[in-house]
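Architecture at a glance
Residues per chain, in single letters:
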Amino acid sequence: MSRGRAAVDERRAELAALGKDLARRARSRCELCGEGGSLSVVEPGPVPELPDVDRALLLCGPCAGLCALPAGRALPADDGLRFLAASIWAELPIAQALAVRLCRRVPTAWAREAVDGLYLAPQIEALADGLEPPAEG
Ligand SMILES: [Zn+2]
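Rules used in this analysis
Each chain has its residues counted from 1, following the order in which its sequence is written. Local features in a predicted model are, by the rule used here, given only for residues with pLDDT of at least 70; side-chain atom pairs are given and counted only at 80 or more, and totals for whole chains, interfaces and linings are based on all residues. Side-chain calculation: all heavy atoms of the structure are included, whereas hydrogens and water are not. Any N, O or S atom lying within 2.8 Å of the metal counts as a donor, with the limit raised to 3.2 Å for Na, K and Ca; because water is left out of the atom set, some sites can appear incomplete. Sites are called tetrahedral only when four donors show all angles between 85 and 135 degrees, square planar or octahedral only when four or six donors show opposite pairs over 155 degrees and all other angles between 65 and 115, and irregular in any remaining case. Strands are runs of DSSP state E lasting at least 2 residues, helices are runs of H or I lasting at least 4, and numbering of each runs from the N terminus. We call a residue buried when its accessible area falls under 20% of the maximum for its residue type, exposed when it is over 50%, and partly exposed in between, using a 1.4 Å probe and counting protein chains only. Each cavity reported here is a set of points on a 1 Å grid over the protein atoms alone in which a 1.4 Å probe fits but cannot get out, each pocket an open set with protein on both sides within 12 Å along at least five of seven lines, and each lining residue one with an atom within 4 Å of a point. Grid points are joined across faces, edges and corners, and a volume is the space filled by probe spheres set on the points. Each residue is assigned to one of three groups, with Ala, Val, Leu, Ile, Met, Phe, Trp, Tyr, Cys and Pro labelled nonpolar, Asp, Glu, Lys and Arg labelled charged, and all others, Gly among them, labelled polar. When a carboxyl oxygen of Asp or Glu lies within 4 Å of a side-chain nitrogen of Lys or Arg, that pair is called a salt bridge. Here, any two strands with at least 2 DSSP bridges between them count as paired.

**Side note on the coordination of the zinc ion**
- Every protein donor of the zinc ion is listed here as C30 (SG), C33 (SG), C60 (SG) and C63 (SG), and their distances to the metal cover 2.3 Å.
- Between the four donor atoms coordinating the zinc ion, the angles at the centre fall across 107 to 112°, so the site counts as tetrahedral.
- Read N to C, the donor residues that coordinate the zinc ion are spaced as C-x2-C-x26-C-x2-C. With a gap of 27 residues between them, C33 in the loop between α2 (19-26) and β1 (39-42) and C60 in strand β2 (residues 57-60) connect regions that are remote in the sequence.
- Owing to a relative accessible area of 21%, C33 belongs among the partly exposed residues under this scheme.
- Residue C60 is classed as buried on the basis of its relative accessible area of 7%.

What follows is the structure, encoded as structure tokens:
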């Protein structure tokens, strides 16, 4: 159809091509919560022009759902999200940034304490601040 559509399809193919690298890095585990199961490539916004393995994550369904919530929306005060308190120490920058961003929105004492006790490198802080839900589609 339009050139815009072709560009979207092309980008999608390039993103799919990252899947192998991501699978190797993630070792078949969700890069946020560590669970196995069905994983999908998630690219938090703003997306770079070319798909970048350092800006993408392999996530399980529930974590992909968390990532897709609108930026201002609080997360549920759910102890099932306690994995975030550990994930905010992730060595992978994009995983750490996403975990921090999500953990800050969980309205519980454990989440607040976890974030308060964290030293965040300035570049991770900037990355976390700039993340957005993935683009639709
Ligand atoms: Zn997960």
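Still to come is the rest of the account.
**Structural notes on empty space enclosed by the protein**
- Scanning the entire structure with this criterion turns up one cavity of 30 Å³ or more.
- Here the largest cavity is characterised by a volume of approximately 70 Å³.
- For the largest cavity, the full set of lining residues is P44, L66, C67, L69, A71, L98, R101, L102, R105, L131, E132 and P133.
- Listing elements by their share of the lining of the largest cavity, those giving two or more residues are α3 (61-68) and α5 (93-103).
- Looking at the lining of the largest cavity element by element, the count peaks at three residues for α5.
- Looking at the lining of the largest cavity residue by residue, the class counts come to nine nonpolar, no polar and three charged.

**As for the pattern of salt bridges**
- Applying the stated criterion to the full structure yields seven salt bridges.
- We note a salt bridge from D21 to R24, for which the minimum N-O separation is 3.4 Å. Taken as a pair, D21 and R24 lie in helix α2 at a separation of three residues, close to a single helical turn.
- When its relative accessible area of 58% is taken as the criterion, R24 is described as exposed.
- Connected through shared salt-bridge partners, R104, E125 and D129 make up one network.

**Quick look at the pairing of β2**
- Here β2 shows no split at all, with L57 and L59 on one side and L58 and C60 on the other all buried.
- Where β1 and β2 come together, four bridges link them in antiparallel fashion. Looking at the pairing, V42 lines up with L57 of β2.

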